[in-house]
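Per-entry structural report
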Amino acid sequence: MEWVDAHAKAGRHRARKEISRESSANCGRLDQRVFFVNSFYVQYRSLLTAEANRLIARHTSGRPPFDPYEIADVLKVQVREEKIDGPDGYVVREGGRWCAVISSRAAKTRRRFTLAHELGHVLLFRARENGHAKEFLRYRCPSFQPNFHQDPEEEALCNAFAQELLMPLDEFQTRVSIHTVSPAIILSVAREFDVSLQ
């Protein structure tokens, strides 16, 4: 994964350096694993949001709304909408290919967000396949289970990727900085980016 490989070694080195510095400052009382995971989270959040912007720049018209279905094609992720109970979506591996299963019962804006979120999971799965992202709960299990979605940090990262893919922060700030923020402006921006108000 080019987006991970370029930064992984430097990030691990920085995190270890910070752990060492913090441990010395706190006389060894710091929970080093927690600090490393938090450093890891910050690093991966930055990498995933940068990857969202790279995908937008290379594979869209550059104007909202940005289409997560197009990005799924670029990432070679099959998308299937089904009537599912429970979660709004999940990813599975089918015939050597990732497939995002999205609830057809959800509203269009929710399906778009769910797909973008699941693409974040796929990027992390691929990073794990290349020897990265080992610190997440899912990947620390004795046997790797792709359908195990219980790591709150991973879920937060996938939400950050989805948010940036659907409504990049720079684009949002540009629109709200030229107006007094009001309900009408928020509705206008939500319509332009085809996102919900949640």
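Before any of the text, the structure's been laid out above.
This text gives an overview of the structure that appears in the document.

Cut-offs applied
- Residues numbered from 1 in each chain as written.
- Predicted model: local features only at pLDDT ≥ 70, side-chain atom pairs only at ≥ 80, totals over all residues.
- Heavy atoms only, no water.
- Helix = DSSP H or I, 4+ residues; strand = E, 2+ residues; numbered from the N terminus.
- Buried < 20%, exposed > 50% of the residue type's maximum accessible area, 1.4 Å probe, protein only.
- Contact = heavy atoms within 4.5 Å.
- Areas by Shrake-Rupley, 256 points an atom, 1.4 Å probe, with all protein chains shown as cover.
- Pairing = 2+ DSSP bridges.
- Phe/Tyr/Trp six-rings, centres within 6.5 Å; stacked < 30°, edge-to-face > 60°.

Quick word on the overall build of the protein
Along the backbone of the protein there are eight helices and three strands. The secondary structure elements of the protein, listed N-terminal to C-terminal, are α-α-α-β-β-β-α-α-α-α-α. Per-residue burial for the protein yields a buried fraction of 41% across its 198 residues. Within the protein, counting contacts between residues at least 6 apart in sequence, those at least 24 apart form 56% of the total. Accessible surface, the protein as shown: approximately 10900 Å² in total, 51% of it carbon and sulfur.

A look at the pairing of strand E2 (residues 89-94)
Direction of pairing for E2 relative to strand E3 (residues 97-103): antiparallel, over a ladder of six bridges. Pairing of Val91 across the sheet is with Ala100, part of E3. Connecting E2 to the next strand, E3, in antiparallel fashion are two residues, including Gly95 with a positive phi near 55°.

Some remarks on the packing of aromatic side chains
Centre-to-centre distance and the angle between the planes together describe a pair of aromatic rings. Applying the stated criterion across every chain, the model contains two aromatic pairs. Here Phe66 and Phe193 contribute two aromatic rings whose centre-to-centre distance is 6.3 Å and whose plane-to-plane angle is 50°, an arrangement assigned as tilted. Here Phe193 lies in helix H8 (residues 183-193) and Phe66 lies in the loop between helix H2 (32-59) and helix H3 (68-74), a separation of 127 residues in the sequence. For Phe193, a relative accessible area of 0% puts it in the buried group. Aromatic pair Trp98 and Phe125: ring centres 4.6 Å apart, planes at 10°, arrangement stacked. Of this pair, Trp98 sits in strand E3 while Phe125 sits in helix H4 (residues 108-129); the two residues are 27 residues apart in sequence, bridging distant segments of the chain. Pair check on accessibility: Trp98 and Phe125 agree, each one buried.

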